[in-house]
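# Chain and residue survey
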Amino acid sequence: MGVVVDLARRMPLPRMVQVEQYFDRTAIKDIDGSVRNALSGPGILDRVRPGMSIAVTAGSRGISNIADILRTIVRVLKEKGAEPFVIPAMGSHGGATAQGQTEVLASLGITEQSLSCPVCSSMDVKQIGVTFDGRPVQIDAFAARADGIVVVNRVKAHTSFTGPVESGLMKMMAIGLAKQAGAEVCHQEGYAKIADNIRKYGNAILENANILFGTAIIENAFDDTCGIYAVEPDDFEETETRLLKQSKKLMPRILFSDIDVLVVDRMGKNISGLGMDPHITGCFASPYASGPKRPDKLVVLDLTDETHGNANGIGVADVTTRRLFEKFDPEATYPNALTATLTSAVRVPLVMDNQRLAIQTGIKTAAGFEKEKIRLVRIRDTLSLSRIWISEAILEDARNTPGVKVIGNPEPFVFDKEGNLF
């Protein structure tokens, strides 16, 4: 037994209690009808003509119902006589390769078979103009050759910066539609200027490309679709600013403060752009974003299969496991960091042999002497905040916190013979 294991294994593990957190569950039940209703709004389809080739953007985020939303948009465009096709619009994701981006879409259920239209993937870009200060503006080559473009994205808080527009239609154009080459340009000045650059490049694309309309999506605290909005190009920025405020109010959160150790069972790009949403964890990779208070230590235990080895965001953690580390694929992870210039997001934390030791290491390195009173919270991932686990030290807070119900009794952690959680 090595000295590292010996030091960590001495730490006592608290008993844990399951609690339920309550958030607004209002959601759209009829996705097809809601999309059609949005697209029937005044002026939305006025620029669609029979025979037009129309590129429809599809990103890499795990947006609820995204395949269904895209399928309905494609059907409506076909009903108008157009010839739609889908393009990956995800900057450098998917390992910054055409095949990798096609595979990312397929993992989200976005395929030629499911959409009944072509999926055209390429990393080639074409310059379509310049920004007001003379910077080149590039977009996907397939989109540039199309007669029109439809921009589709969820509006949500960004993981690494705060601004009037963050993750939404403007970012989908400035970074997603621009592929790796354009995304790199947009990020090159760093996150201090990323909010301004998204608006600058997004507006330049609106001026130089035939953007027909946008479809903005917002989700509730359970990541269910609760709003679908069709937006005319002239209204992109104003509408997105309003929807971002609405989206932030709907976000879930951990309803406890002063957390010593936060344990996250799994992370991945299908969960958040940073693997774990920092607006939940409080652990940001950039100083240009703000949110809840950071726990003293963050422990992450595993990587999702859907992230395909992309461990972007691992750098915000303090401790991880060998299981996660062995799934870490630099070829899938580093292109994102190199393009975004956010190297802190991919640094490697302490790597422990199993999940038990990782949690014990988080406890050992957390500030304070009274480890038996550790304030520890465990979540499955940052998309799953309805039922979470808290240590006994937080139990009294839970009984007195609005929106929280204690639903279990104190129980010890249960590990298998390898030291991993069941």
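Read on for an overview of the structure. These numbers were taken from a predicted model, which means no experiment stands behind them.

Scoring rules and cut-offs
All chains use their own residue numbering, which begins from 1 and follows the written sequence. Per-residue local features of the predicted model are confined to residues with pLDDT of at least 70, and side-chain atom pairs are confined, for both listing and counting, to 80 or more; whole-chain, interface and lining totals are unaffected and use all residues. The side-chain quantities take in all heavy atoms of the structure and omit both hydrogens and water. Secondary structure elements are taken from DSSP: a helix is a run of H or I of four residues or more, a strand is a run of E of two residues or more, and numbering for both begins at the N terminus. Only protein chains enter the accessibility calculation, which uses a 1.4 Å probe; a residue whose area is less than 20% of its type maximum is buried, one above 50% is exposed, and one in between is partly exposed. Two residues form a contact once any of their heavy atoms are found within 4.5 Å. A 1.4 Å probe and the Shrake-Rupley method give the accessible areas. Residues count as covered only by the protein chains that appear here. In summary, the charge assignment counts Lys and Arg as positive and Asp and Glu as negative, without counting His or the chain termini. For this purpose, a charge sits on NZ of Lys, CZ of Arg, CG of Asp or CD of Glu. Polar contacts here mean pairs of N or O atoms no more than 3.5 Å apart (in protein, one a potential hydrogen donor and the other a potential acceptor; neighbouring residues in sequence count only if both atoms are side-chain atoms). Given the number of residues in a helix, its expected span is that number minus one, multiplied by 1.5 Å. As used here, the arc is the angular range of directions from the helix axis to the C-beta atoms. In this analysis a 1.4 Å probe is tested at points of a 1 Å grid over the protein atoms alone, and where it fits but cannot get out there is a cavity; an open set with protein on both sides within 12 Å along at least five of seven lines is a pocket; lining residues have an atom within 4 Å of a point. Grid points are joined across faces, edges and corners, and a volume is the space filled by probe spheres set on the points. Helix axes are fitted only over the stretch in contact, all axes being lines through C-alpha atoms; the angle between N-to-C directions runs from 0 to 180 degrees. An angle counts as roughly parallel when it lies under 35 degrees, as roughly antiparallel when it exceeds 145, as roughly perpendicular when it falls between 65 and 115, and as oblique in every other case. Side-chain classes follow a simple rule in which Ala, Val, Leu, Ile, Met, Phe, Trp, Tyr, Cys and Pro form the nonpolar group, Asp, Glu, Lys and Arg form the charged group, and the remainder, Gly included, forms the polar group. For patches, a residue must show more than 30% relative accessible area and have no salt bridge; joins then use 9 Å for like charges and 5 Å for nonpolar side chains, namely Val, Leu, Ile, Met, Phe, Trp and Tyr. Take a side-chain nitrogen of Lys or Arg and a carboxyl oxygen of Asp or Glu: if they are within 4 Å of each other, that pair is a salt bridge.

### Some points on the overall build of the chain
- Tallying secondary structure elements over the chain gives 15 helices and 15 strands in all.
- For the C-alpha atoms alone, the extent of the chain along its principal axes is close to 70 × 40 × 40 Å.
- The buried share among the 422 residues of the chain stands at 59%.
- Once local pairs closer than 6 in sequence are excluded, the contacts in the chain between residues at least 24 apart make up 74%.
- Summed over its atoms, the accessible surface of the chain is roughly 17,400 Å², and 48% of this surface lies on carbon and sulfur atoms.
- Of the charged side chains in the chain, 48 are positive and 51 negative, and the gap between their average positions amounts to 3 Å.

### Describing helix α13 (residues 330-340)
- Within the sequence span of α13, burial applies to A332, T333, P335, N336, A337, T339 and A340.
- Buried positions along α13 lie against α8 (179-187).
- Positive backbone phi, at 60°, marks T341, one or two positions downstream of α13.

### Concerning the environment of K327
- Its place among the elements puts K327 in helix α12 (residues 322-327).
- Distance in space between the C-alpha atoms of K327 and I194 is 30 Å, their sequence separation being 133 residues.
- If we ignore the near neighbours within four places in the chain, the residues touching K327 are D302, L303, D305 and G309.
- Looking at K327, its side chain comes within polar contact range of the side chain of D302, at 2.9 Å.

### So, the environment of V155
- Within the secondary structure layout, V155 lies in the loop between β6 (148-154) and α7 (169-177).
- Taking C-alpha positions, V155 is 9.5 Å from M170, a pair spaced 15 residues apart along the chain.
- Look past the residues within four positions of V155 in its chain and what remains in contact with it is S167, G168, A216, I217, I218, E240, L243, L244 and S247.

### Points about helix α10 (residues 236-250)
- For α10, which comprises 15 residues, the first-to-last C-alpha distance of 21 Å matches the rise-based estimate of 21 Å (1.5 Å per residue) to within 8%.
- Those residues of α10 that fall on the buried side of the exposure criterion are F236, T239, E240, L243, L244, S247 and L250. The buried side chains of α10 occupy one side of the element, clustering within an arc of 140° when seen end-on. Among the exposed residues of α10, those pointing more than 90 degrees away from its buried face are E238, K245 and K249.

### Notes on the layout of surface pockets
- Quantified by volume, the largest pocket comes out at close to 320 Å³.
- Taken together, 19 residues make up the lining of the largest pocket; nearest its centre are G94, G95, V104, T307 and H308.
- For the lining of the largest pocket, the secondary structure elements donating two or more residues are α4 (98-107) and α13.
- No other element matches the four residues that α4 contributes to the lining of the largest pocket.

### Thoughts on the packing of α7 against α10
- Running from amino to carboxyl end, α7 crosses α10 at an angle of 120°, the nearest separation of the two axes being 8 Å. The angle between α7 and α10 falls in the class oblique. Here L169, M170 and M173 of α7 lie close against α10, whose contacting residues are F236, E237 and E240.
- Grouping the amino acids of the contact of α7 with α10 by side-chain chemistry returns four nonpolar, no polar and two charged.

### Re a nonpolar patch on the surface
- A cluster of nonpolar side chains, contributed by V3, V4 and L7, occupies part of the molecular surface with about 270 Å² of accessible area.
- Relative to the helices and strands, V3 is located in helix α1 (residues 3-9).
- On the basis of relative accessibility, which here comes to 59%, the residue V3 falls in the exposed class.

### Observations concerning the side chain of N153
- Note that N153 resides in strand β6.
- Here N153 falls in the buried class, since its relative accessible area comes to 7%.
- There is a polar contact of 2.9 Å between the side chain of N153 and the backbone oxygen of G168.
- Residues contacting N153, with those up to four places away along its chain left out, are I63, S167, G168, L169, M172, T215, A216 and I217.

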